[in-house]
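Here is how the chains run, residue by residue.
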Amino acid sequence: MKKVSIFLGLCIAGITAYYVSNKPQKVDYSTQIKPILNKNCISCHGGVKKQGGFSLLFQEEALGKTESGKPAIIPGHPEQSSFIQRLHSKDPEEKMPYQRPALSEEEIELLTTWVKEGANWGEHWAYQPLEAPQIPAGSWFEKALSWVGIQASWAQNDLDYFVQAEQKNQGLTHTDRAEKAELLRRVYLDLTGLPPTAADYQAFEQDDSGDAFEKQVDQLLKSPHFGEKWAAMWMDLARYADTKGYEKDEARSIWKYRDYVIASFNQNKPYDQFIKEQLAGDLLPNPQENDYVATAFHRNTTNNDEGGTEDEEFRTAAILDRVNTTWEVLQGTSFSCVQCHSHPYDPIRHEDYYRYMALFNNSRDEDIPDDAPTYRHHTPANEKTIAQLKSFLVNQPLATQKEWGQMIRFVEPKIHPHWADQFENGALADNKYLAIRNKGSARFKAVPMMGKTKMLIACRNSGPAPTYVNIHQGTKTGPVIARIKLDTTLQEKYAKPKGQFVKGWAYTFVDLPALPGKQDLVWEFLNAKTKPEQTTATIGFWAMLPDVPSQLKSTDFEKLALQAIATEPEITTPVMLENPGNFTRTTRVFTRGSWLNQGAAVSPGIPSLFGNASMTNRLDLAAWIGSKSNPLTARVAVNRFWEQLFGIGIVETLEDLGSQGLAPVNQALLDHLAYKFQVDFKYRPKEFLKYVVMSASYQQSAIVDASTREKDPNNRYITRGPRVRLSPEQLRDQALLWSGLLSRKLGGPSVMPEQPDGVWNAPYSGMQWKKSDGEDQWRRSLYTYWRRSSPYPTMVTFDAGARDICLSRRIRTNTPMQALNTLNDPVFLEASQFFARKYPENGLKFIQKGYADLFGRAISKPKAEKLNAFYSQTLAYYQAHPKETLAFLKLCSDNEVPRQPANLVAKTLVANALFNIDESVNKP
């Protein structure tokens, strides 16, 4: 009886919800009015232009006085509002939109009603606070039946009710559950990027338990290959590359960042923590190595090593890229245009851009050739020395520990040659290094001395005769505070024992008198043995060392510290590091976006659209981005995860959830997923992904009738399973796995698999593609060396970007080049041959067995017959052409010839055809 009462109560609730939902609603600004304004009005009356003093971007401007002295919109009175009256005008000089087609009657009626109702403003849907939407009313009946023991629902979880409700609105429905083999292949590719093996298919087919699929999902979420698959997605967002970009596009060591991303996904690290470490790991209370490495997310910016370039220009370009990337990747907002003017379509002001930029503007990097600052990864023996130094400092003030820690680990803060000015008889060599001739000089202005008494100089002398450097205080005629003898050269007899070399520089330590505050220092260079036009010595950088604490002066601390500073690291990773107080930069608004035309100074902050949260650095920013007060982060993240699983986002424009992005096809579903991700799953990706793949929506068959395909051609309403083409990484990895060649080694430096000769013929660079040996040539595509000016050909052919900037989504294309690639690429042919070698069967039996192993089901009779005919034709040809057979197999007279070489070639080509059929290149 109690269950019946509850059932009736739920029925009444459902009926009430139906009538409430069908009650006439007021015009909604965000979904009904804003799109009309953006399309027809904003180009003349918005962030860029304000014709007639009228702007529709901000509420106060829209309702304020125009150049006529009167408001154009008078809330409640469309008959008095020129904004409405001009829509009806027949005068071409008065009619709006000006010199453009008139609005439709429906659009005019909407705008009129909106003004009549009070011209109520509203935030764009994506900027509204994130709340849990009500589960669609229709599901109450199904839930009630389920509660009393009647299973009448298609839905497997709440996600499905949102999908089902929107399908009903569109006059659509769902398909049946996919076959077990298809579903297994789909979830394997989605969660690990790799297909199942024949043994995986067999085990799943034999498991008849009710939770068989869930067990497979749990197993895949625990796989180390899970992290690799999702890291591949993140590499596009992080614009990861193994080179610096621009013309030279030289090498960069940053692969440890990729390892961090893989490990983070495998650890199921909460997304808000993942963000915090990448934006501000260096600013955490007690940062560890991985925290610093995480910040390489924003050191993936390009670095210009070309001669004659201005370091400050490209340092600024890197900062702007960090601002734009953070907004696009984490907030799904087009922010780059705000560099030059207020946002044309969203209420974000010009100065907001620079307040936000101020949070990034005090990082230590300065577009320097060595990518400084870098985390210096030492050998285990040298790491022991650093640990010993930390033990010396353990009882010192935190500020002292931090200052010495940064100098020992990063050799920061450095002073680079571009700081110098007032050159006499010298210049910046290649705009990078200080190169002064005999009796020449250069000034370093306002150097933070702060009483420090030891200097480190990275130098290189031009010849065997020593160069003498006099450092003057204030001016060239000022007192000499240091006399330095630079007698190091790159010649062996001078390099040892007189200098300790780090990447071509000799490190020299110099004592100085204690000087207060900031000082101008003039460096004078003397070397009478050099020729008039010859550089005496080259300075790479220099730095002021912290003072040795008085309690440690009698210990080995200073000796060990200088030794650690001058020791070459085993590996380096570019990282973010904040300027100390004495190096702080002032951030100013760039007038019209030009870094050369700087205006008023601004303080750090976020756009006022999101409130006035107080923040001073990147850590504050990261905390806000991951907080519940930020409405965008969870929406953007789940939309991206959804796109990876279903091939298209709920909001198709992953890069722009703003008012100019495409509207969500199911906003309630998006908000439901975002709320679940943020609140229920505590930002943990694995729990969220399991929730989605366990839904009935995800498990549908991809086979659909023609009528449904016509009504929902891109599967926006999830009327079927997510059948899309595989990514280039998945296509190559799949071929390697099928062949038995795939290396499952996790992490490590990038590798160079087979690539045609000549692809890397780049100017001003001696870099060469050297094919990796052993299993490294068959590692997952995630680890393939990525050169920005020339990415791996398969990646480019299948729509990957160059990674000069972040890429939120790859637009899938369908070109003949793609078929030519997978049919002719040496990697795919090699994989096909190794696949053929695995099978003793020939002809039809080989085709049937191979197909079943690849896809977990029997091949159709017509397809088998066509492939067998191809096999027979190929076999006959190569039996008649033995020389071509050996050439195909890349065999010479010294190689062992297979017992049936023509048969191996025929099986190889059949295998290659199997690798290229529809089932192979698409997710089922």
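Because the structure is predicted, anything quoted here is derived from the model rather than measured. (Residues numbered from 1 in each chain as written. Predicted model: local features only at pLDDT ≥ 70, side-chain atom pairs only at ≥ 80, totals over all residues. Heavy atoms only, no water.)

## Looking at the overall build of the chain
Along its length, the chain carries 34 helices and 13 strands. Against the 2.2 N^0.38 benchmark of 29 Å for 924 residues, the chain shows a C-alpha radius of gyration of 33 Å, consistent with a compact globule. Each principal axis of the C-alpha distribution contributes one length, and for the chain these read about 95 × 95 × 65 Å. Counting across all 924 residues of the chain, residues that qualify as buried make up 55%. Of the contacts formed within the chain by residues at least 6 apart in sequence, a portion of 72% connects residues at least 24 apart. Looking at charge distribution, the chain has the averaged site of its 108 positive side-chain charges lying 3 Å from that of its 106 negative ones. (Helix = DSSP H or I, 4+ residues; strand = E, 2+ residues; numbered from the N terminus. Rg over C-alpha atoms; globule rule 2.2 N^0.38 Å. Buried < 20%, exposed > 50% of the residue type's maximum accessible area, 1.4 Å probe, protein only. Contact = heavy atoms within 4.5 Å. Lys, Arg positive; Asp, Glu negative; His and termini not counted. Charge placed at Lys NZ, Arg CZ, Asp CG, Glu CD.)

## Concerning the side chain of Lys-244
Counting through the fold element by element, Lys-244 comes out in the loop between α11 (224–237) and α12 (255–266). In terms of polar contacts, Lys-244 uses its side chain to reach the backbone carbonyl oxygen of Pro-369, at 2.3 Å. In this structure, Lys-244 is in contact with Asp-249, Glu-250, Ala-251, Arg-252, Thr-302, Asn-303, Asp-305, Pro-369, Asp-371 and Arg-788, ignoring residues within four places of it in sequence. (Polar contact = N/O pair within 3.5 Å; in protein donor to acceptor, adjacent residues only side chain to side chain.)

## Considerations on helix α26 (residues 728–739)
The end-to-end C-alpha separation of α26 is 17 Å, in line with the 16 Å expected for 12 residues at 1.5 Å each. Within the span of α26, buried status applies to Pro-728, Glu-729, Gln-730, Leu-731, Arg-732, Asp-733, Gln-734, Ala-735, Leu-736, Leu-737, Trp-738 and Ser-739. Following α26 by one or two positions, Gly-740 has its phi on the positive side, about 85 degrees. (Expected span 1.5 Å × (residues − 1).)

## Concerning the packing of helix α17 (residues 380–393) against helix α20 (residues 557–565)
Packing of α17 against α20 brings their axes to within 10 Å, and their N-to-C directions diverge by 140 degrees. When the axis of α17 is compared with that of α20, the two are oblique. Judged by the sense of rotation from one axis to the other, the crossing of α17 with α20 is left-handed. Seen from α17, the contacting residues are Thr-385, Gln-388, Leu-389, Phe-392 and Leu-393; seen from α20, they are Phe-557, Leu-560, Ala-561 and Ala-564. (Axes fitted to C-alpha atoms, helices over the stretch in contact; angles between N-to-C directions. Parallel < 35°, antiparallel > 145°, perpendicular 65-115°, else oblique. Left-handed = near helix turned anticlockwise from the far one by under 90°.)

## Regarding the environment of His-343
Checked against the element boundaries, His-343 lands in the loop between α15 (311–331) and α16 (350–357). Remark: the alpha-carbon pair of His-343 and Leu-57, spanning 286 residues in sequence, is separated by 8.5 Å. Side-chain polar atoms of His-343 contact the backbone oxygen of Ser-334, separated by 2.9 Å.

## Considering empty space enclosed by the protein
Enumeration according to the criterion identifies 11 cavities of 30 Å³ or more in this entry. Along the walls of the largest cavity sit 30 residues, with Lys-229, Gln-644, Ser-727, Gln-730 and Arg-810 positioned nearest its centre. Counting only elements with at least two residues in the lining of the largest cavity, the list comes to α8 (180–192), α11, α22 (633–646) and α26. Of the residues forming the lining of the largest cavity, the biggest block, 6 residues, is contributed by α11. Its residues placed into classes, the lining of the largest cavity shows 10 nonpolar, 6 polar and 14 charged. (1 Å grid on protein atoms, 1.4 Å probe; cavity = no way out; pocket = protein on both sides within 12 Å on 5 of 7 lines; lining within 4 Å. Points joined across faces, edges and corners; volume = space filled by probe spheres on them. Nonpolar A, V, L, I, M, F, W, Y, C, P; charged D, E, K, R; others polar.)

## Describing the confidence of the model for the chain
Interpretation of this model should avoid reading the predicted coordinates in detail wherever pLDDT is low. The share of residues in the chain with pLDDT of 70 or more is 93%, and the mean pLDDT across the chain is 91. Scored below 50 in pLDDT, residues 12–22 shows 6 contacts in the model against residues more than four places distant or in partner chains. Here residues 490–499 is a poorly scored stretch, pLDDT under 50, and it has 14 contacts once near neighbours within four places are set aside; other chains count. (pLDDT = per-residue confidence, 0-100.)

## Some thoughts on α8
With 13 residues, α8 should cover 18 Å at 1.5 Å per step; its first-to-last C-alpha distance of 18 Å lies within 8% of that length. Of all the 13 residues making up α8, 12 are buried; the element is thus mostly covered by neighbouring parts of the structure. For α8, the complete set of buried residues consists of Ala-181, Glu-182, Leu-183, Leu-184, Arg-185, Arg-186, Val-187, Tyr-188, Leu-189, Asp-190, Leu-191 and Thr-192. Directly after α8, the chain includes Gly-193, whose backbone phi takes a positive value near 80 degrees.

## Observations regarding the pairing of strand β6 (residues 480–486)
Relative to β6, strand β5 (residues 467–473) runs antiparallel, the two being bridged by 6 bridges. Bridge pairing in β6 links Val-469 to Ile-484. Counted between consecutive antiparallel strands, the loop separating β5 from β6 contains 6 residues, among which Gly-474 sits at a positive phi close to 85 degrees. (Pairing = 2+ DSSP bridges.)

## Regarding the packing of aromatic side chains
With the rule as written, the count across this model stands at 59 aromatic pairs. Both rings, one in Tyr-260 and one in Phe-274, keep their centres 6.0 Å apart while their planes meet at 15 degrees; by these two values the pair is stacked. Of this pair, Tyr-260 sits in helix α12 while Phe-274 sits in helix α13 (residues 271–280), placing them 14 residues apart in sequence. Residue Tyr-260 shares its accessibility class with Phe-274, and that shared class is buried. The side chain of Arg-186 reaches across the aromatic face of Tyr-698, ending 5.7 Å from its centre. Across the ring face of Phe-58, the terminal group of Arg-349 is positioned such that the distance to the ring centre comes to 3.8 Å. (Phe/Tyr/Trp six-rings, centres within 6.5 Å; stacked < 30°, edge-to-face > 60°. Lys NZ or Arg CZ within 6 Å of the ring centre and 35° of its normal.)

## Observations regarding unusual backbone geometry
That bond from Met-96 to Pro-97 is cis: its omega, -5 degrees, falls within 30 degrees of zero. Assignment of secondary structure puts Pro-97 in the loop between α4 (82–88) and α5 (105–116). Unusually for a residue other than glycine, Asp-367 sits at a positive phi of about 60 degrees. As for its position among the elements, Asp-367 is in the loop between α16 and β1 (374–377).

## Structural notes on the packing of α13 against helix α21 (residues 618–625)
Two elements in contact, α13 and α21, have axes whose closest approach is 9 Å; the angle formed by their N-to-C orientations is 160 degrees. By the criterion of interaxial angle, the relationship of α13 to α21 is roughly antiparallel. Crossing geometry of α13 relative to α21 is assigned as right-handed. Contacts between α13 and α21 involve Ile-275, Lys-276, Leu-279 and Ala-280 from the former and Arg-618, Leu-619, Ala-622, Ala-623 and Ile-625 from the latter. Grouping the amino acids of the contact of α13 with α21 by side-chain chemistry returns 7 nonpolar, no polar and 2 charged.

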